[in-house]
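An overview of the molecular structure
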Amino acid sequence: MSERIPLVGGNWKMHLVSSSAVDYCDALLANDDDPRAEVVLFPSFPMLPLVAAKLEGSWAACGAQDLHPEDEGAHTGDVSGLQLRDAGSTWVLCGHSERRHDHGEGDDVVRRKVEAATRHGLMPMICVGETGDERKAGRTLEVLERQLTAALAAEPTGFALAYEPVWAIGTGETATPETAQEAHEFLRRCLADRLGDDVAGVRRIVYGGSVKPDNAASLAAQPDIDGFLVGGASLDPEKFWDIIRCWGS
Ligand code: PEP
């Protein structure tokens, strides 16, 4: 087991409303044994202040699912890092594959988002991952290296990395522990090449892609998997707690 404190994020995506978010936080926090993992919930923008207030002083933190690269301006429908901090977020996802694919966000936009997060003291969780076609074409490592290099050009002072193979997100198809470990080990080597062994040794690299209570433990047993980013299964506080607890409490 590494020295890195495990990190588990719950990405609610475009689910829940205020009343169900309150019930969710109450149910999750009713588990009052301190988990061994650091936990972050990522609700949609409108629920950030509410969720941040519910989690204040607890073992869980609140993050946002996205941010605009600029601090303010004529960007209808977007939210800046400044506004996210004001709403109580301390973390933000950058480059989630649903943003890359649904909104055409390329590597350069992701770099600018990581820069904005860093500027506002938000901890970016930088998401990278290959599509099914890229994996079949033998391009997985090339894609991961390209996405990581672009994000690191922002020179973030702190960050976590999420390896999220696109073919495993929301599909029920999970990467095997060996496949995920291979990608995580590669990403850690890339971090070491760019930032040195000390930094690579402390940065958390979490796995995301159809994590559930029944596959979490075998993934968590891999030496370079330092936590999870959980979508679907995070919507049920009991399942999410079971995943968190696979790191011990
Ligand atoms: C995600 O949204 O980042 C994710 C990994 O989703 P799921 O767990 O549903 O595959």
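Everything that follows concerns the structure shown earlier in this document.
Cut-offs and rules
Counting restarts for each chain: residues are numbered from 1 in the order of the written sequence. At least 70 in pLDDT is required for a residue's local features to be given in this predicted model, at least 80 for side-chain atom pairs to be given and counted, and no such filter applies to totals for whole chains, interfaces and linings, which use all residues. Working from all heavy atoms in the structure, the side-chain values ignore hydrogens and water. Residue proximity to a molecule or strand is established when one non-hydrogen atom of the residue lies within 4 Å of it. Polar contact is the term for a pair of N or O atoms within 3.5 Å; when the atoms are in protein, one must be able to donate a hydrogen and the other to accept it, and sequence-neighboring residues count only if both atoms are side-chain atoms. For every accessible area listed, the method is Shrake-Rupley and the probe measures 1.4 Å; residues are considered covered only by the protein chains on display. Think of a 1 Å grid over just the protein atoms. A cavity is a set of points where a 1.4 Å probe fits yet cannot get out, a pocket is an open set with protein on both sides within 12 Å along at least five of seven lines, and lining residues have an atom within 4 Å of a point. Occupancy of a cavity or pocket is assigned to a molecule whenever over half of its atoms lie within 2 Å of that pocket's grid points. Grid points are joined across faces, edges and corners, and a volume is the space filled by probe spheres set on the points. Only runs of H or I of at least four residues qualify as helices and only runs of E of at least two qualify as strands under DSSP, and these elements are numbered from the N terminus. Note on residue categories: nonpolar means Ala, Val, Leu, Ile, Met, Phe, Trp, Tyr, Cys or Pro, charged means Asp, Glu, Lys or Arg, and polar means any other residue, Gly included. Whether two strands pair comes down to DSSP finding at least two bridges between them. To define axes, lines are fitted to C-alpha atoms, for helices over the stretch in contact only, and angles between the resulting N-to-C directions are given on a 0 to 180 degree scale. Pairs of residues are marked as contacts when any of their non-hydrogen atoms sit within 4.5 Å. The cut-offs work like this: below 35 degrees is roughly parallel, past 145 is roughly antiparallel, 65 to 115 is roughly perpendicular, and the gaps in between are oblique. If you view the pair so one helix is near and one far, a crossing is left-handed when the near helix is turned anticlockwise from the far one by less than a right angle, and right-handed when it is turned clockwise. Each residue is assigned to one of three classes by its accessible area relative to the maximum for its type, calculated with a 1.4 Å probe on protein chains only: buried under 20%, partly exposed between the two thresholds, exposed over 50%.

What to know about the site of the ligand
- Taken together, 14 residues surround the ligand, and among them K13, E164, G170, S210 and G231 come closest.
- Between an oxygen atom of the ligand and a side-chain N or O atom of E164, the distance comes to 2.7 Å.
- At 2.8 Å, a backbone N or O of S210 approaches an oxygen atom of the ligand.
- The fraction of the free accessible surface of the ligand (290 Å²) that becomes covered by protein chains is 96%.
- More than half of the atoms of the ligand fall within 2 Å of the grid points belonging to the second largest pocket.

Concerning the layout of surface pockets
- Counted as a void, the largest pocket has a volume near 420 Å³.
- Taken together, 15 residues line the largest pocket, and the ones lying closest to its centre are K13, M14, Q65, R99 and H103.
- Among the elements that line the lining of the largest pocket, the one with the most residues is helix α4 (residues 97–102), at three residues.
- Taken together, the residues of the lining of the largest pocket sort by class into five nonpolar, five polar and five charged.
- As a volume, the second largest pocket reaches approximately 190 Å³.
- Around the second largest pocket sit 17 residues that line it, and G170, S210, V230, G231 and G232 are the ones nearest its centre.
- Its residues assigned to classes, the lining of the second largest pocket comprises five nonpolar, eight polar and four charged.

A closer look at the sheet that holds strand β2 (residues 38–42)
- One closed barrel holds the eight strands; their spatial order is β1-β2-β3-β4-β5-β6-β7-β8, and the pairing between them is parallel. If you compare each strand with its neighbour and ignore which way they point, the axes differ by 25 degrees on average.
- Here strand β1 (residues 7–11) runs beside β2; their pairing, made up of five bridges, is parallel. In the strand pairing of β2, L7 is matched with E38.
- Together, β5 (123–128) and β6 (160–163) form the strand contacts of helix α7 (residues 140–152), whose direction differs from that of β5 by roughly 155 degrees.

Focus on the packing of α7 against helix α8 (residues 177–195)
- Where α7 meets α8, the axes come as close as 10 Å, and the angle between the chain directions of the two elements is 40 degrees. Comparing their axes, α8 and α7 come out oblique. Read as a crossing pair, α7 and α8 show a hand that is right-handed. In this structure, α7 contributes L141, L144, E145, L148, T149 and L152 to the contact, and α8 contributes A183, F186, L187, C190, L191, R194 and L195.

Focus on the side chain of H68
- By the secondary structure assignment, H68 is in the loop between β3 (60–64) and α3 (81–86).
- A distance of 2.9 Å separates a polar side-chain atom of H68 from the backbone nitrogen of E70.
- Among the polar contacts made by the side chain of H68, one reaches the side chain of H75 at a distance of 3.4 Å.
- If we ignore the near neighbours within four places in the chain, the residues touching H68 are H75, D78, V79, S80, G81 and A116.

Examining unusual backbone geometry
- At E155, a residue that is not glycine, the phi angle is positive and equals roughly 55 degrees.
- Tracing the chain through its elements places E155 in the loop between α7 and β6.
- Owing to a relative accessible area of 66%, E155 belongs among the exposed residues under this scheme.
- One non-glycine residue, S210, lies in positive phi territory at about 55 degrees.
- In this fold, S210 is placed in the loop between β7 (205–208) and α10 (213–220).

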